[in-house]
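# Working through the structure, step by step
In case you want the letters, here they are:
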Amino acid sequence: MKVLVLGSGGREHAFAWKLSQSDKLDKLYVAPGNAGTKELAENVNIDPNDFEKVRTFVLDKAIDMVIVGPEDPLVNGIHDFFLADEKLKQVAVIGPEKAAAEMEGSKDFAKDFMARHNIPTSQYRSITSENLEEGYEFLETLKAPYVLKADGLAAGKGVLIIEDLEEAKNSLKEMIGGMFGAASATVVIEEFLSGIELSVFVLTDGKNYKVLAEAKDYKRIGEGDTGLNTGGMGAISPVHFANEEFMSKVEERVIKPTIDGFQKDKTPFVGFVFIGLMKVGDDPFVIEYNVRMGDPETEVVLPRIKSDFLELMIAVADKKLDQFELELDERTVTTVMLVAGGYPEAYEKGKTISGIDQVTDSIVFHAGTTSKNNEVVTNGGRVIAVSSYGDTINSALKKSFNSAEKIQFEGKNYRKDIGFDLQ
Ligand code: AMP
Ligand code: GLY
């Protein structure tokens, strides 16, 4: 089988790593990829959002399957583009069609979906310039802190959590006025949920589903979950507080109605559903849906999948996921993200990375790297994710931290307290 993975981060390197272990794989391409995927696959210099270029490449190389890493090509309708093309429609696409990708593309859509299908989530109102007064009134009924979310994609930055009511009202007005561009023309105001967060990853063929694993990520740049939000500074799977009883509630109250909801709404979903949850007391509430795998969660979830990943993807494409026996590794996997100095604010690129070959106890997943003059250099804010197995969180973390020390580049920064809240 010839497979094309779209994307360039740690998630896509983890996909490439797992796919290349399959006997069923004949040829793997990653577009555009990074210095890590280059070791396992052929990198192709194509922007995943340039559908015409993707089309030409897929036909030229007779690709059988396209696995879409990031959300934007999905929200822009790459799957629909394939289905609408006589020649492309035979190609399997792992990732939902545009209508279902709205679950991530629009917070208002996701909230409405949850209301329609009785999925537990916080109370909310969707506000635009037309009903601003209703927004102020709704804020007055809530207790602090106030949660304001840009409806559209805002590169993970569109959520404000504000303590003061007047400040929340002002921010609501500013968001609608364009604080996050068109993404915040509609703002979703939410009741604040107090609890502990985790994410559950589900794979579906539109009818059947498999729960891949749950994971916890660490989004803030600073230790103790302080400072600015990032794409994710580390992750852990499994999450011990997500015990069997809790996970069965997640399955009954959230996963089943979500998968059924896609069918009832006639918005076919083939691919990964990333469900962001808050555990409030002993009950799950949905914070958000993403229509892809998480990054860096993929770097802990995929190493826990023992089954052949390409066979798993084929089962999704053939809508035979019910016949697939998914085997998970019981061990814990942790990942620690090495980031560029200054990230998530301004940072430099092009710093030489050394010491990757010194790492023996961990899997090195490249995130923002590229090759230049036979060297691996930094090419993004999140540079490398170091994933390790362990019988306990601590034994896995110890390996990830040791390996993190061996990899060097100017300005390297990482959180030394990943998992601090799970001890
Ligand atoms: P989102 O982009 O919707 O995942 O929101 C970003 C982060 O804001 C989440 O990971 C949570 O930490 C926090 N958050 C979002 N919604 C809520 C909520 N209703 N209550 C508490 N925290 C929230
Ligand atoms: N790590 C969070 C995300 O991928 O959205």
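Here is a short report on the structure shown in this document.

Moving on to the overall build of the chain. Along its length, the chain carries 12 helices and 21 strands. The C-alpha radius of gyration of the chain comes to 21 Å, within 12% of the 22 Å expected for a compact globule of 423 residues. By principal-axis analysis of the C-alpha atoms, the chain measures approximately 60 × 50 × 40 Å. Burial statistics for the chain: of 423 residues in total, 58% are counted as buried. In the chain, the proportion of contacts linking residues at least 24 apart, taken out of those at least 6 apart, comes to 69%. For the chain, the distance from the average position of its 48 positive side-chain charges to the average position of its 69 negative side-chain charges is 3 Å.

Moving on, we come to the pairing of strand E21 (residues 382–390). Most of E21 is tucked away, with nine of its nine residues classed as buried. Relative to E21, strand E17 (residues 332–339) runs antiparallel, the two sharing eight bridges. Along E21, the bridge assignment pairs Met 337 with Ala 385. Here strand E18 (residues 363–366) pairs with E21 via four bridges, running antiparallel. Opposite Ile 363, over in E21, you have Ser 387 as the bridge partner.

The environment of ligand 1 is formed by 15 residues, the closest being Lys 149, Glu 190, Leu 193, Glu 197 and Glu 288. One of the side-chain N or O atoms of Glu 288 is found 2.9 Å from an oxygen atom in ligand 1. If ligand 1 stood free it would expose 470 Å²; the protein chains cover 87% of that surface. For the shell around ligand 1, the elements supplying multiple residues, two or more each, are strand E7 (146–150), strand E8 (159–162) and strand E16 (283–290). Each residue belonging to the shell around ligand 1 can be placed in one class, and the counts come to seven nonpolar, one polar and seven charged.

All right, on to helix H12 (residues 393–406) then. Each α-helix winds once per 3.6 residues, and so residues spaced three or four apart point in a common direction. Here H12 is 14 residues long and its end C-alpha atoms lie 20 Å apart, about the 20 Å a rise of 1.5 Å per residue gives. Along H12, the residues that are buried comprise Ile 393, Ala 396, Leu 397, Ser 400, Phe 401, Ser 403 and Ala 404. Each buried residue of H12 lies within a common arc of 165° when the element is viewed along its axis, so the set occupies one face. Packing partners of the buried residues in H12 comprise strand E14 (234–237), E17 and E21.

Turning next to the environment of Asn 290. Along the chain, the position of Asn 290 falls in strand E16. With 287 residues separating them in the primary sequence, Asn 290 and Val 3 have C-alpha atoms 23 Å apart. Excluding residues within four positions of it along the chain, Asn 290 makes contact with Glu 104, Phe 272, Val 273 and Phe 274. Of note is the side chain of Asn 290, whose polar atom sits 3.4 Å from the side chain of Glu 288.

Here Ser 371 is to be found in strand E19 (residues 369–372). Separated by 333 residues in the primary sequence, Ser 371 and Lys 38 have C-alpha atoms spaced 8.7 Å apart. Excluding anything up to four places from it in sequence, Ser 371 contacts Ala 35 and Lys 38.

So, about the side chain of Ser 199. The topology assignment puts Ser 199 in strand E10 (residues 196–204). Judged by its relative accessible area of 7%, Ser 199 falls in the buried class. Not counting residues within four places of it along the chain, the set of residues in contact with Ser 199 comprises Ala 213, Glu 214, Ala 215, Phe 274, Ile 275, Gly 276 and Glu 297.

Turning our attention to the site of ligand 2. Asp 217, Gly 231, Phe 274, Arg 292, Gly 294, Asp 295, Pro 296 and Glu 297 make up every residue found near ligand 2. Within the side chain of Asp 217, one N or O atom sits 2.8 Å away from a nitrogen atom of ligand 2. The contact in question runs from an oxygen atom of ligand 2 to an N or O atom on the backbone of Asp 295, over 2.9 Å. In isolation ligand 2 exposes 200 Å². Once the protein is present, 87% of that is buried.

Ordered in space as E3-E2-E1-E4-E5, the five strands form an open sheet in which the pairing is parallel. Looking at strand neighbours, the two that pair on one side only are strand E3 (42–43) and strand E5 (92–94), the edges of this open sheet. Bridging between strand E2 (residues 27–32) and E3 involves two bridges; their strand directions are parallel. Bridging from a neighbouring strand, Val 30 pairs with Asn 43 of E3. The sheet contacts of helix H1 (residues 10–19) involve strand E1 (2–7), E2 and strand E4 (65–68), and relative to E1 the element is tilted by about 165°. Contacting E1, E2 and E4, helix H2 (residues 51–61) crosses the sheet at an angle of about 160° to E1.

A few words now on the pattern of salt bridges. Oppositely charged side chains can pair when the atoms bearing their charge come close. Counting across every chain of the model gives 27 salt bridges. Between Glu 86 and Lys 89 there is a salt bridge, with the nearest N and O atoms lying 2.9 Å from each other. According to the relative accessible area criterion, Lys 89 is partly exposed, its value standing at 39%. A salt bridge links Arg 292 to Glu 104, with the nearest nitrogen and oxygen atoms 3.0 Å apart. Linking Arg 292 in the loop between E16 and helix H10 (298–301) with Glu 104 in helix H5 (residues 98–105), this pair joins segments that are 188 residues apart in sequence. The exposure class of Glu 104 is buried, given its relative accessible area of 8%. A network of salt bridges, in which partner residues are shared, links Glu 71, Glu 104 and Arg 292.

Analysis parameters
For every chain, the first residue of its written sequence is number 1, and the numbers climb from 1 along that sequence. Chains and ligands are labelled sequentially in the order written, the chains with letters from A and the ligands with numbers from 1. The predicted nature of this model means local features are confined to residues of pLDDT at least 70 and side-chain atom pairs, given and counted, to a pLDDT of 80 or more, with totals for whole chains, interfaces and linings taken over all residues. Calculation of side-chain values draws on the structure's entire complement of heavy atoms; hydrogens and water are dropped beforehand. Secondary structure elements are defined from DSSP: runs of H or I of at least 4 residues count as helices, runs of E of at least 2 residues count as strands, and each element is numbered from the N terminus. The globule rule is 2.2 Å times the number of residues to the power 0.38, and the radius of gyration it is compared with is taken over C-alpha atoms. Burial classification: accessible surface area is computed with a 1.4 Å probe over protein chains only, and a residue below 20% of its type maximum counts as buried, one above 50% as exposed, and the rest as partly exposed. Throughout, a residue-residue contact means that at least one pair of heavy atoms, one from each residue, lies within 4.5 Å. In summary, the charge assignment counts Lys and Arg as positive and Asp and Glu as negative, without counting His or the chain termini. A charged residue contributes its charge at one atom only: NZ of Lys, CZ of Arg, CG of Asp or CD of Glu. Note on pairing: two strands pair once DSSP finds at least 2 bridges between them. Whether a residue is near a molecule or strand depends on its heavy atoms: if one lies within 4 Å, it is near. As used in this structure description, the phrase polar contact means that two N or O atoms lie within 3.5 Å; if the pair is within protein, one of them must be able to donate a hydrogen and the other to accept it, and residues adjacent in sequence are counted only when both atoms belong to side chains. Methods summary: accessible areas were calculated by the Shrake-Rupley approach with a probe of 1.4 Å, and residue burial reflects only the protein chains presented. All residues other than Ala, Val, Leu, Ile, Met, Phe, Trp, Tyr, Cys, Pro, Asp, Glu, Lys and Arg, Gly among them, are scored as polar; the first ten of these are nonpolar and the last four charged. Each helix should span, by expectation, one fewer than its residue count multiplied by 1.5 Å. By construction, the arc corresponds to the directions joining the helix axis to the C-beta atoms. All axes here are fitted lines through C-alpha atoms, helices being fitted over the stretch that makes contact, and every angle between N-to-C directions spans 0 to 180 degrees. The salt bridge criterion pairs a side-chain nitrogen of Lys or Arg with a carboxyl oxygen of Asp or Glu, the two atoms within 4 Å.

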